[in-house]
2 protein chains.
Amino acid sequence: MLDERKRMVLRAIIDSYIETAEPVGSRTIARKHDLGVSPATIRNEMADLEDAGYLQQPHVSAGRIPSDKGYRFYVDALMEPYVFPRPQLQQLQQEISNEKVSPERSIYEAARLLAFLTESVSLIVAPSTDQMAFRYLQLVPLEDSSILVTVVLHPGIVKNRIIRTKKDYSAEKVAELSAMLNQKLKGITYRELGPTVFTEVIRDYGEIGRALVELILQGLLEDNGEKIYASGTVNILNQPEFRDLERAKALFETLEQKDYLLSLLSAGTKSSGVQVVIGEEHVSSVLQACSLVTCTYYVGDDVVGTIGVIGPTRMDYAKVMAAVDVVSGALSALLTQEK
Amino acid sequence: MLDERKRMVLRAIIDSYIETAEPVGSRTIARKHDLGVSPATIRNEMADLEDAGYLQQPHVSAGRIPSDKGYRFYVDALMEPYVFPRPQLQQLQQEISNEKVSPERSIYEAARLLAFLTESVSLIVAPSTDQMAFRYLQLVPLEDSSILVTVVLHPGIVKNRIIRTKKDYSAEKVAELSAMLNQKLKGITYRELGPTVFTEVIRDYGEIGRALVELILQGLLEDNGEKIYASGTVNILNQPEFRDLERAKALFETLEQKDYLLSLLSAGTKSSGVQVVIGEEHVSSVLQACSLVTCTYYVGDDVVGTIGVIGPTRMDYAKVMAAVDVVSGALSALLTQEK
DNA sequence: TGTTAGCACTCGCTTGTGGTGAGTGCTAAA
DNA sequence: TTTAGCACTCACCACAAGCGAGTGCTAACA
């Protein structure tokens, strides 16, 4: 479809535009990338590439900039994949797994690292716990009619809640319920949980039982905190496409809408590997000047969450994709290893 | 020091400047606030106020803007305190205490609310746990040489960590240690903890004991997560003083430096009530165009944290101070009540 | 047939200039 | 002590001119 030279020209233009954020002229290409042809020839090629939809011209007397279609082709077939130098790679992996405090903390640090690496905004969806096996469950009666519920899930994630009951229950009864639930649930996931457990609980334990069921259903597992973190939002202001305050503000506001982001990142959950959505490929219009690079991460073989990077369509795809890949890999390794 | 009319003029100027962010001229004052004197008279007063250091002039042909000294006087002696209308007040208090999920969550919600109310950036220092009494402590042996440590503190704050031990310990031994610690610690605060507990633990339990001591010392209590939250950072971009991207970026970057913010908010911990630091009163130069309004919050009678609002020196002090006061009060009530 | 040099043309960006108006300080009169 | 009048300052805006990067087209060349 595109001959070799056209591809080289297109790649040179996109590389240059990614670096400088300035429309690229024929002269620049001829000078920087030694293609052995004159600017005039390149101009002809550029005109063809524009006709074919890969490039566009902001105005007549300016150079060319890539269109979304151009970026898409670049990502799929043109760009040179970025490979982290071995030492840096190891350092990154170490930095993520070093955080021994808690998996949640590691995830947060991973988001920071990803933002730092890509100089963009990173997003991380917290691991969805309903595919994680229960490792331990305990109820502890506290004074004044409260019960502390503690759940430990398989990758070392601990969740707690204190629930209030209307009347006191004997320590024995609570302990019995606790042991029974712990035994029933250990090793299985929330998903695998049949309704039988709950009916049984409600029959035998009444109010606490019901309260507990509600708790688990309603989201001790899911809602105990944020489901999605954004990190590095400041980086937006370093990107020339967001010099315009209104645009920057619009993006900031989009980033505050956690639900929206969540749906965005959850879209590519089925496919594996690094996914890229470019500009107008976004369904919603808010992000049509942005691209999104995502990748899922795992506990064992189960997808539990997604990480991603949002930046202007003029992002350094090679580097961002490499970073997303590495970080998701390291995160999966971490979560899988410390079962 | 300042006669009645000068005070009225100064107040009118500051009120107007807070509202519009535009330098205020003598005409405007004469027209809006009906002082019964002509612009010329006001001009004379303004010249005096400028000489006295309360006002300044961006350039000769512009109106006056308040100086930091002007704001200080305004806050201390001039402004009309803002009082939330009763229904809104009740609604606010309810919104904060409604979040029954966990105290941490409530704190986070309080930060959001405060940012929303003031249309500025809100900061909340997470409650310092070393003045909170232990309510419950438990060690649970998990499989593969791990022990789950759970601590419940008095305002319903739960902390966990999983620690790894080099060898397995019998469930009995762990349970014994758990019970012993729980009994020793219950009701006292980290502060009140003498060294005797620890030496005893180390003598009797060796490695786990030491690991546990380290854990508590090093910060199961302190470091398990962020110590300071910032909310509403987007609001920066709505304020005319941050039209300039460089300035906005500088502030954003300052807000990322958690340690710095922490030291800033911890400064006023001793004094009670709402504190205001205006512009150049800040020691560090980064925030010299900003003011900071802070207030401590409590568990019972103990100060456990600080909340605050950062905005341009041209903030609506009356409203911000009222909001900070209300939110800190509601937060204290919440934390104190659900011991 | 593809490539290249030359050239006229476009148009965004920068710089300079004059006009406008808000606001001041000073002076003199009430 | 207050106020009206007035000359003066200076940021801001609009407009025009000039510059220059980059283009498309044409004609010559390999």
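Residues numbered from 1 in each chain as written. Chains lettered and ligands numbered in written order. Predicted model: local features only at pLDDT ≥ 70, side-chain atom pairs only at ≥ 80, totals over all residues.

**Q** Looking at this model, I keep getting lost on the protein's contact with DNA strand C. Mind explaining?
**A** Around DNA strand C, 20 residues are found, and the nearest of them are A:Val37, A:Thr41, A:Ser61, B:Gly25 and B:Ser26. Ranked by residue count, the leading element in the surface near DNA strand C is helix H3 (residues 39–51) of chain B, at 4 residues. When its residues are assigned to classes, the surface near DNA strand C shows 7 nonpolar, 10 polar and 3 charged. (Near = placed C-beta within 6 Å. Helix = DSSP H or I, 4+ residues; strand = E, 2+ residues; numbered from the N terminus. Nonpolar A, V, L, I, M, F, W, Y, C, P; charged D, E, K, R; others polar.)

**Q** Looking at this structure, I do not really get unusual backbone geometry. What am I missing?
**A** Trans is the common state for peptide bonds, and a negative phi is the common state for residues other than glycine. Here A:Glu119, not a glycine, exhibits a phi torsion of approximately 50°, which is positive. Following the sequence through the fold, A:Glu119 ends up in the loop between helix H6 (103–118) and strand E3 (121–125).

**Q** Please clarify how the nonpolar core should be interpreted in this entry.
**A** The tendency in soluble globular proteins is for nonpolar side chains to be buried as a group. Among the nonpolar cores identified, the biggest contains 178 residues, and A:Leu114, A:Val324, A:Val327, B:Leu114, B:Val324 and B:Val327 are the most heavily contacted of them. Excluding residues that lie within four positions of it along the chain, B:Leu114 makes contacts with B:Ser122, B:Ile307, B:Val309, B:Ala323, B:Val324 and B:Val327. (Core = buried A, V, L, I, M, F, W, Y, C linked by C-beta atoms within 7 Å. Buried ≥ 20, exposed ≤ 12 C-beta atoms within 10 Å, placed from the backbone. Contact = placed C-beta atoms within 7 Å.)

**Q** Is there a simple way to think about the protein's contact with DNA strand D in this case?
**A** Taken together, 20 residues lie near DNA strand D, and A:Gly25, A:Ser26, B:Val37, B:Thr41 and B:Ser61 sit nearest. For the surface near DNA strand D, the secondary structure elements donating two or more residues are helix H2 (26–32) and helix H3 (39–51) of chain A together with H3 of chain B. With 4 residues, the top contributor of residues to the surface near DNA strand D is H3(A). Classifying every residue of the surface near DNA strand D by side-chain character gives 7 nonpolar, 10 polar and 3 charged.

**Q** Looking at this structure, I do not really get the packing of helix H1 (residues 4–20) of chain A against H3(A). What am I missing?
**A** For any two helices packed against each other, the geometry is given by the interaxial angle and the distance between the axes. Residues and elements named next belong to chain A. Two numbers describe how H1 lies on H3: the axes approach to 10 Å, and their chain directions differ by 85°. In this view, H1 runs roughly perpendicular relative to H3, as classed from their interaxial angle. Residue-level contacts link Arg5, Lys6, Val9 and Leu10 of H1 to Ile42, Glu45, Met46, Asp48 and Leu49 of H3. Here the contact of H1 with H3 is built from residues that sort into 5 nonpolar, no polar and 4 charged. (Axes fitted to C-alpha atoms, helices over the stretch in contact; angles between N-to-C directions. Parallel < 35°, antiparallel > 145°, perpendicular 65-115°, else oblique.)

**Q** Help me understand the domain arrangement of chain A in this model?
**A** Size of an interface, as often reported, equals the accessible area lost when the parts are brought together. Residues and elements named next belong to chain A. Annotation of chain A at the domain level lists domain 1 (4–78), domain 2 (86–126 + 226–337) and domain 3 (130–218). A separation of 34 Å is found between the C-alpha centroids of domain 2 and domain 3. Opposite the 6 residues of domain 2 that make contact, domain 3 presents 6 residues. Of all the secondary structure elements, the ones that give two or more residues to the side of domain 2 that touches domain 3 are H6 and strand E10 (302–312). For the side of domain 2 that touches domain 3, the residue count by class is 4 nonpolar, no polar and 2 charged. (Domains from an automatic or database assignment.)

**Q** Just checking my understanding: could you explain the packing of helix H1 (residues 4–20) of chain B against helix H4 (residues 68–78) of chain B for this structure?
**A** Residue and element names in this part refer to chain B. Across the interface, H1 lies against H4 with an axial gap of 11 Å and an inter-helix angle of 110°. Taken as axis vectors, H1 and H4 run roughly perpendicular relative to one another. Between H1 and H4 lies a crossing whose hand is left-handed. Contacts between H1 and H4 involve Arg7, Leu10, Arg11 and Ile14 from the first element and Gly70, Tyr74 and Leu78 from the second. Among the residues forming the contact of H1 with H4, the class breakdown is 4 nonpolar, 1 polar and 2 charged. (Left-handed = near helix turned anticlockwise from the far one by under 90°.)

**Q** Looking at this model, I keep getting lost on the sheet that holds strand E7 (residues 228–231) of chain A. Mind explaining?
**A** In sheet architecture, strand pairing relies on hydrogen bonds along the backbone and comes in two forms, parallel and antiparallel. Residues and elements named next belong to chain A. Strand order in the open sheet formed by 5 strands is E7-E3-E10-E9-E8, and the pairing between neighbours is antiparallel. Only two strands of the sheet have a single partner each, and these edge strands are E7 and strand E8 (275–278). Neighbour-to-neighbour, the strand axes of this sheet turn through a mean angle of 20°, independent of strand direction. Alignment of E8 against strand E9 (residues 290–299), held across 4 bridges, turns out to be antiparallel. Note on E9: the bridge partner recorded for valine 277 is leucine 292. (Pairing = 2+ DSSP bridges.)

**Q** I'm lost on the interface of chain B and chain A in this one. Help?
**A** Opposite the 25 residues of chain B that make contact, chain A presents 25 residues. Of all the secondary structure elements, the ones that give two or more residues to the side of chain B that touches chain A are strand E4 (134–142), strand E5 (146–153), strand E6 (158–164) and helix H9 (245–256) of chain B. Counting residues per element, the side of chain B that touches chain A draws most heavily on H9(B), which supplies 6 residues. Residues that form the side of chain B that touches chain A fall into these classes: 13 nonpolar, 6 polar and 6 charged.

**Q** It is not clear to me how the sheet that holds strand E9 (residues 290–299) of chain B should be interpreted in this structure. Could you clarify?
**A** Residue and element names in this part refer to chain B. Judged by pairing direction, the sheet is antiparallel, and its 5 strands sit side by side in the order E7-E3-E10-E9-E8 without closing on themselves. Taken across any chain shown, the strands that pair with only one partner, and hence form the sheet edges, are strand E7 (228–231) and strand E8 (275–278). Shown here is a sheet whose adjacent strand axes are inclined to one another by a mean of 20°, direction ignored. With 4 bridges joining them, strand E3 (residues 121–125) and E7 adopt antiparallel strand pairing. Following the sheet pairing, valine 125 is matched in E7 by isoleucine 228.

**Q** It is not clear to me how the relation of the copies chain B and chain A should be interpreted in this structure. Could you clarify?
**A** When chain B is fitted to chain A, the best match, at an RMSD of 0.1 Å, comes from turning it 180° and sliding it 0.0 Å along the axis. In the structure described here, the two chain copies are related by an operation that fits a two-fold rotation axis. Minimal C-alpha separation from the rotation axis in chain B is found for B:Leu245, amounting to 3.8 Å. A share of 100% of the interface residues of chain B reappears at the interface of chain A, consistent with the copies meeting face to face through the same patch. (Least-squares fit on C-alpha atoms with pLDDT ≥ 70 in both.)

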